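So the chains spell out like this:
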Amino acid sequence: MDLQKRLDEAAAKHGVPGAAIAVWAGGELHEAATGVVNKNTGVETTPDSVFQVGSTTKVWTAALIMQLVEEGKVELDRPVTDYLPEFGLAYEAEITVRHLLTHTGGFDGDLFEDTGRGDDCLDKYVAYLHGTTKVHEPGALFSYCNSGFAVLGAIVAKVRGVTWEEAMAEHLFKPLGATQTALFGEEAVLFRASAGHIGPDQVVYPKWQMPRSNGPAGSTMCLAPRELVRFGRMALAGGLAEDGTRVLAERTLADMRTPQTEVPTVPGMLATAWGLGFELFDWGAFGHDGGTPGQSTLWRIVPGSDVVLAMSANGGAVAGLIEDVVLPVLRETTGIDVPGLPLPPASPSAVDAAPYAGTFTGPVMSLEVAGADGGLDITEIPGEFMASMGATRKTTRYVHLSDDHFVAAEADGGMHATVTFVMRDGVAAYLHNSRAVPRA
Amino acid sequence: MAGAMGQRLAELIAKYEVPGAALAYLHNGELHEYAAGVLHRGTGVETTTDSLFQIGSVTKVWTATLLMQLAERGLLTLDTPVAELLPEFKVADAEVTKTVTVRHLLSHTSGIDGDLFLDTGRGDDCVEKYVAACAGLPQNHPLGATQSYCNSGFIVAGRIVEKLTGKTWDEALREQIFEPLGLTHAVTLPEEALRFRAAMGHMGGGEPAPVWGLMRSCGPAGLISARPADVVAFGRAHLEGGLLENPQVMWEPQVAIPNPYTLGAHWGVGWILDEWSGQKVVSHGGNTIGQHAMLWVVPGTGTVVCVVANGGHSGAFTHAVATELFAELDGLEVPPTLGPPAQPVEVDVTRYLGVYERAGARLTISLKDGGLSLLMESTGELAGLDQPEEIPLVAVDDVTFVGRRPGDPDWLSAVFFELPDGTLYVHAGARATPKVS
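Predicted, not measured: the structure shown is a model, and the values here were computed from it.

## Describing the overall build of chain B
Alright, step 1. Assigned secondary structure in chain B consists of 12 helices and 19 strands.
Alright, step 2. Its C-alpha radius of gyration of 21 Å places chain B within 12% of the 22 Å reference for a compact globule of 437 residues.
Alright, step 3. By the burial criterion, 57% of the 437 residues in chain B qualify as buried.
Alright, step 4. Summarising the internal contacts of chain B: among those between residues at least 6 apart in sequence, 61% fall at separations of at least 24.
Alright, step 5. Only carbon and sulfur atoms are counted for the fraction: they give 51% of the accessible area of chain B, which is about 16100 Å².

What follows is the structure in structure tokens.
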């Protein structure tokens, strides 16, 4: 499939410092790597280099929970407090394990509090969540929730009596036979380890790793793409690792792929539904995407075609790699007309802005929506946390795509952002951009 | 050698089976940097002059410098009892708990068991927890009676820094040394090392070490990772200023080292002191899991040298680099490693036979095949990493013996000595170990 040439050309064209891809197709593993893992060191990327795989970690954390379900130690529809009595929020709500796995818990999901490097970091994080505010009723809506996955990691740690990292190593890395894995800096340093690159000059992000408190949600795990492929093949093999070791029950994998909640979003590139941990795509694939500052990972598992693809990149316009490498390879290997990235229509239809206009306020930012020529102007007003990360007030023009979906007129990093409005009685109750942001 | 150093370093790493090494030196005010080999045989990543190596116990001089900075600010003196600075500090001996001073800690004369390698976690409270765990540490020798290398003492010293500054040792180090000196390639934590090329240690068989580094609690005793140029900049500040008003206070001899053939003749404050061709040389070395570093500073000539290596016969390698380099740069003769005498020496060894023991180690001296034999066993947390080793000893004089591991170019030396109370000790590997039976 000439993966190497495609990746080299796409990375050069789209300003990507380094990337690696692994594709299982036609009963073979194909791998390629390009560029450098870190522009400062100039160390070349190899297929066994490790990248921060970000939120793809959530599927692995979900698998650790599902193993506990198989063992009868956790029930999906029991309250989290059954397993973690110390869990609580700033308000009363009965939140179940299933709510957390499906991002439907309804509380602020973007809390990245650094509770230190120590083994007590998840306990401290769970204590910190006691100040967390409500976004919606449990189960009412999908709203991407990092905090919930940190709590799931805390459940794994508590029930197993080990750290989340120890559980990951023992119950997934080991039975899967995964070798290019790291959860701590002291492990990543054993490999060629990728660093994120940011900004117009693609400089190395000054802090190599995000806080350990969000590890189960994806702040720390590093993998070579082939390890995501390994997991994906296990999922396609009904829970069996390559050497026949059972990692998960066949039934569990089926459950993890069964739609649990719909995602208000533009179908195609983005998941339209969530299973237990897995993102589900309307063209037949499942998987997950992930990102840390400057690093991005895309992971697709295609049942029926026996195709698994994982790609990680450490900066630049990753959308270009998706357009030029991922989509063509998926189309060729699966024979499916895999939908591309969302694009603004050539001549957008006029739309009445009134039902959408107003202010929507979430825990990390507010969004002001106003009618504008040919669509909507949406202004992001970062809250304290986002401002501390360098976010500034920014207005983006969106044009109408279909139904209550809108797409940014201009691409940012090669990608046109989308928003979907969740309507109640003809008026937008939530602006949805993977997070549900309620009308103020 | 200096001109052709790039070539020479590559030759020397081949000779001493070192996977990768780097060298920086300051001579006549000019910095020179060289690198050779690979950082990690598994990944094949090449060593560069900007690569970070673990400098291990060279860190102790940095921790000592932090304390001297606090002393210059009037927060302590070398003779301040540790208990005054850390009321919670406690070791097994109640009298030592009360009377041990900062000077004892920084000159390895406290006698406190120095080899407690206890993992107290990755968190910012790791040094505090380590000091709490020192409560049961026994004495290797009476307080102030001699010198015995003491890692735990430097971790306690690091805790003093934390207590007085209200910061972690890592933060205090960054604010008091890294930042004022403008060091860009010096870190303490692995997630910081990941922004750079970082060396991996290699074990006896040449394979990469099973883990990258030591537990974080060892920080103040040995967890800096840096490129050699940044270590040279630290050494330079001790000659030319930048950190302390009076850095030479740290070169004043505090204790004679009973075995002067291994590291130097005296210990100062943090630094090891020696004399080469009549010139004072202050130095420190470091060893971590498969990595080795040396820093030498020659106040009389202004020369500062740092060599780092990630495996192989690294001690013999850095000694060889120093020998060639100092001869060329300053006309200094680096004392050769003590070896067996040309003519065998007859020594009555009867009184030396027996078991010598300190926490973490047992040394057994016995007669084998007509000669002395030294059996070294680890008994502490590192016991799993180390195999017992037996080395035949050759007499050099009445109290001095040398031996070496099969296939190792490094000779080890052991010196027997007696304290005024009549206890017999053997001084080897920089540690004093009393005879127990």
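## A closer look at the overall build of chain A
Alright, step 1. Helix and strand counts for chain A come out as 11 helices and 22 strands.
Alright, step 2. Here the C-alpha atoms of chain A give a radius of gyration of 21 Å, agreeing with the 22 Å that 2.2 N^0.38 yields for 440 residues.
Alright, step 3. For chain A, with 440 residues in total, the buried portion stands at 58%.
Alright, step 4. Across chain A, the fraction of contacts at a sequence separation of at least 24, relative to all contacts at a separation of at least 6, is 61%.
Alright, step 5. Of note, chain A has its 31 positive side-chain charges centred 2 Å away from the centre of its 54 negative side-chain charges.

## Observations concerning the packing of aromatic side chains
Alright, step 1. If you walk through the whole model with that rule in mind, you get 29 aromatic pairs over all chains.
Alright, step 2. Both rings, one in W62 of chain B and one in F234 of chain B, keep their centres 4.0 Å apart while their planes meet at 5 degrees; by these two values the pair is stacked. Of this pair, W62 of chain B sits in helix α2 (residues 59–72) while F234 of chain B sits in helix α11 (residues 228–240), and the two are 172 residues apart along the sequence.
Alright, step 3. For W62 of chain B, a relative accessible area of 0% puts it in the buried group.
Alright, step 4. On the basis of relative accessible area, F234 of chain B is assigned to the buried category, the value being 0%.
Alright, step 5. Ring-pair connections join several aromatic residues into one group, and the members of that group are W60, F173, F231, F278, F286 and W299 of chain A.
Alright, step 6. Positioned above the aromatic ring of W24 of chain A is the side chain of R233 of chain A, whose terminal nitrogen or guanidinium carbon lies 3.4 Å from the ring centre.

## Looking at the nonpolar core
In globular proteins that are soluble, nonpolar side chains generally tend to be buried together.
Residue and element names in this part refer to chain B.
Alright, step 1. Counting residues in hydrophobic clusters, the biggest one holds 74 residues, and the most contacted among them are W62, F89, L106, I160, M250, W271 and L295.
Alright, step 2. If one sorts the elements of this core by residue count, α2 sits on top with seven residues.
Alright, step 3. Lining this core are residues from two domains, each supplying at least three of them: domain 1 (5–55 + 183–242 + 265–330) and domain 2 (61–165).
Alright, step 4. Apart from residues lying up to four places away in sequence, I160 is in contact with L67, L76, V82, L85, L86, V102 and L105.

## Some words on the pairing of strand β17 (residues 375–382) of chain A
All names here are of chain A.
Alright, step 1. Sheet topology places strand β16 (residues 365–372) next to β17; eight bridges connect them, and they run antiparallel. Looking at the pairing, M365 lines up with P382 of β17.
Alright, step 2. The hairpin turn running from β16 into β17, its antiparallel successor, is two residues long, and G374 in that turn takes a positive phi close to 80 degrees.
Alright, step 3. Pairing analysis gives six bridges linking β17 to strand β18 (residues 394–402), with the strands arranged antiparallel. Paired with D377 across the strands is R397, a residue of β18.

## Some thoughts on the domain arrangement of chain A
Residues and elements named next belong to chain A.
Alright, step 1. For chain A, the assigned domains read domain 1 (8–341) and domain 2 (358–438).
Alright, step 2. Taking the mean C-alpha position of each, domain 1 and domain 2 sit 25 Å from one another.
Alright, step 3. Here domain 1 and domain 2 share an interface that buries about 1600 Å² over both sides, 66% of which is from carbon and sulfur atoms.
Alright, step 4. The interface formed by domain 1 and domain 2 holds one salt bridge in total.
Alright, step 5. Close ionic contact of R435 with D110 constitutes a salt bridge, the shortest N to O distance being 2.6 Å.
Alright, step 6. The interface formed by domain 1 and domain 2 holds four residue pairs in polar contact (both at pLDDT 80 or more) in total.

## Some details on the UniProt feature "domain: Beta-lactamase-related" (unreviewed entry) in chain B
Alright, step 1. Taken from the UniProt record, the annotation "domain: Beta-lactamase-related" (unreviewed entry) applies to residues 8–317 of chain B.
Alright, step 2. Between the end C-alpha atoms of residues 8–317 of chain B the distance is 12 Å, and the span holds 31% helix and 17% strand.

## Thoughts on the interface of chain A and chain B
Interface size is often expressed as the accessible area that is lost when the parts come together.
Alright, step 1. Contact residues are listed per partner, giving 20 residues for chain A and 19 residues for chain B.
Alright, step 2. When chain A packs against chain B, the two sides together hide about 1800 Å² of surface, and 57% of this comes from carbon and sulfur.
Alright, step 3. Area buried by chain A at its contact with chain B is led by R117, V189 and L190 of chain A, which between them contribute 39% of it.
Alright, step 4. Counting across the chain A and chain B interface gives two salt bridges.
Alright, step 5. Of the charged contacts, one joins R122 of chain B and E186 of chain A as a salt bridge, the two residues approaching to 2.8 Å between their closest N and O atoms.
Alright, step 6. No other element matches helix α7 (residues 185–188) of chain A, which puts three residues into the side of chain A that touches chain B.
Alright, step 7. Classifying every residue of the side of chain A that touches chain B gives 10 nonpolar, six polar and four charged.

## A look at the environment of E242 of chain A
Residue and element names in this part refer to chain A.
Alright, step 1. Tracing the sequence through the fold places E242 in the loop between α8 (225–236) and α9 (250–257).
Alright, step 2. For E242, a relative accessible area of 58% translates into the label exposed.
Alright, step 3. Note: C-alpha distance between E242 and G290 (48 residues apart in sequence) is 24 Å.
Alright, step 4. Discounting residues that sit within four places of it in the chain, E242 has contacts with R230 and R233.

## Structural notes on the sheet that holds strand β19 (residues 405–408) of chain A
All names here are of chain A.
Alright, step 1. Spatially, eight strands are ordered β15-β16-β17-β18-β19-β20-β21-β22 in an open sheet, and the strand pairing comes out antiparallel. The open sheet is flanked by β15 (358–361) and β22 (436–438), the only strands paired with a single partner. Mean inter-strand twist for the sheet, computed between neighbouring axes without regard to direction, equals 35 degrees.
Alright, step 2. Sheet analysis places strand β21 (residues 427–432) next to β22, joined by three bridges and oriented antiparallel.

## Thoughts on helix α5 (residues 146–160) of chain A
Residue and element names in this part refer to chain A.
Alright, step 1. For α5, built from 15 residues, the straight-helix expectation of 21 Å at 1.5 Å per residue is met to within 8% by its first-to-last C-alpha distance of 21 Å.
Alright, step 2. With respect to burial, α5 is a largely interior element, 13 of its 15 residues being buried.
Alright, step 3. G161, located one to two residues past α5, shows a positive phi value of around 70 degrees.

## Focus on the pairing of strand β19 (residues 431–434) of chain B
On a regular strand, each side chain points to the face opposite its neighbour's, so the side chains alternate between the two faces of the sheet.
Residue and element names in this part refer to chain B.
Alright, step 1. By the alternation rule, side chains of β19 split into R431 and T433 and A432 and P434, which are all buried.
Alright, step 2. Where strand β18 (residues 424–428) lies against β19, four bridges are found, and the strand directions are antiparallel. From the neighbouring strand, Y425 faces β19, where its bridge partner is P434.

## Comments concerning the packing of helix α2 (residues 57–70) of chain A against α8 of chain A
Residues and elements named next belong to chain A.
Alright, step 1. Two numbers describe how α2 lies on α8: the axes approach to 12 Å, and their chain directions differ by 40 degrees. Taken as axis vectors, α2 and α8 run oblique relative to one another. Here the hand of the crossing between α2 and α8 comes out left-handed. Along the contact surface, α2 presents V59, W60 and A63, while α8 presents E227, L228 and F231.

## Considerations on the pattern of salt bridges
Alright, step 1. Tallied over the entire structure, the rule returns 50 salt bridges over all chains.
Alright, step 2. As a salt-bridge pair, D230 of chain B and R227 of chain B come within 2.7 Å of each other at their nearest N and O atoms.
Alright, step 3. Looking at D230 of chain B, the relative accessible area reads 3%, which means it is buried.
Alright, step 4. Here R227 of chain B falls in the buried class, since its relative accessible area comes to 15%.
Alright, step 5. Three or more residues are tied together by salt bridges with common partners; here these are E227, R230, R233 and E242 of chain A.

The rules behind the values
- Residues numbered from 1 in each chain as written.
- Chains lettered and ligands numbered in written order.
- Predicted model: local features only at pLDDT ≥ 70, side-chain atom pairs only at ≥ 80, totals over all residues.
- Heavy atoms only, no water.
- Helix = DSSP H or I, 4+ residues; strand = E, 2+ residues; numbered from the N terminus.
- Rg over C-alpha atoms; globule rule 2.2 N^0.38 Å.
- Buried < 20%, exposed > 50% of the residue type's maximum accessible area, 1.4 Å probe, protein only.
- Contact = heavy atoms within 4.5 Å.
- Areas by Shrake-Rupley, 256 points an atom, 1.4 Å probe, with all protein chains shown as cover.
- Lys, Arg positive; Asp, Glu negative; His and termini not counted.
- Charge placed at Lys NZ, Arg CZ, Asp CG, Glu CD.
- Phe/Tyr/Trp six-rings, centres within 6.5 Å; stacked < 30°, edge-to-face > 60°.
- Lys NZ or Arg CZ within 6 Å of the ring centre and 35° of its normal.
- Core = buried A, V, L, I, M, F, W, Y, C linked by side-chain atoms within 4.5 Å.
- Domains from an automatic or database assignment.
- Pairing = 2+ DSSP bridges.
- Buried area = accessible area lost by both parts, 1.4 Å probe.
- Salt bridge = Lys/Arg side-chain N within 4 Å of Asp/Glu carboxyl O.
- Polar contact = N/O pair within 3.5 Å; in protein donor to acceptor, adjacent residues only side chain to side chain.
- UniProt positions renumbered as here; feature names shortened; annotations may be inferred.
- Nonpolar A, V, L, I, M, F, W, Y, C, P; charged D, E, K, R; others polar.
- Axes fitted to C-alpha atoms, helices over the stretch in contact; angles between N-to-C directions.
- Expected span 1.5 Å × (residues − 1).
- Parallel < 35°, antiparallel > 145°, perpendicular 65-115°, else oblique.
- Left-handed = near helix turned anticlockwise from the far one by under 90°.

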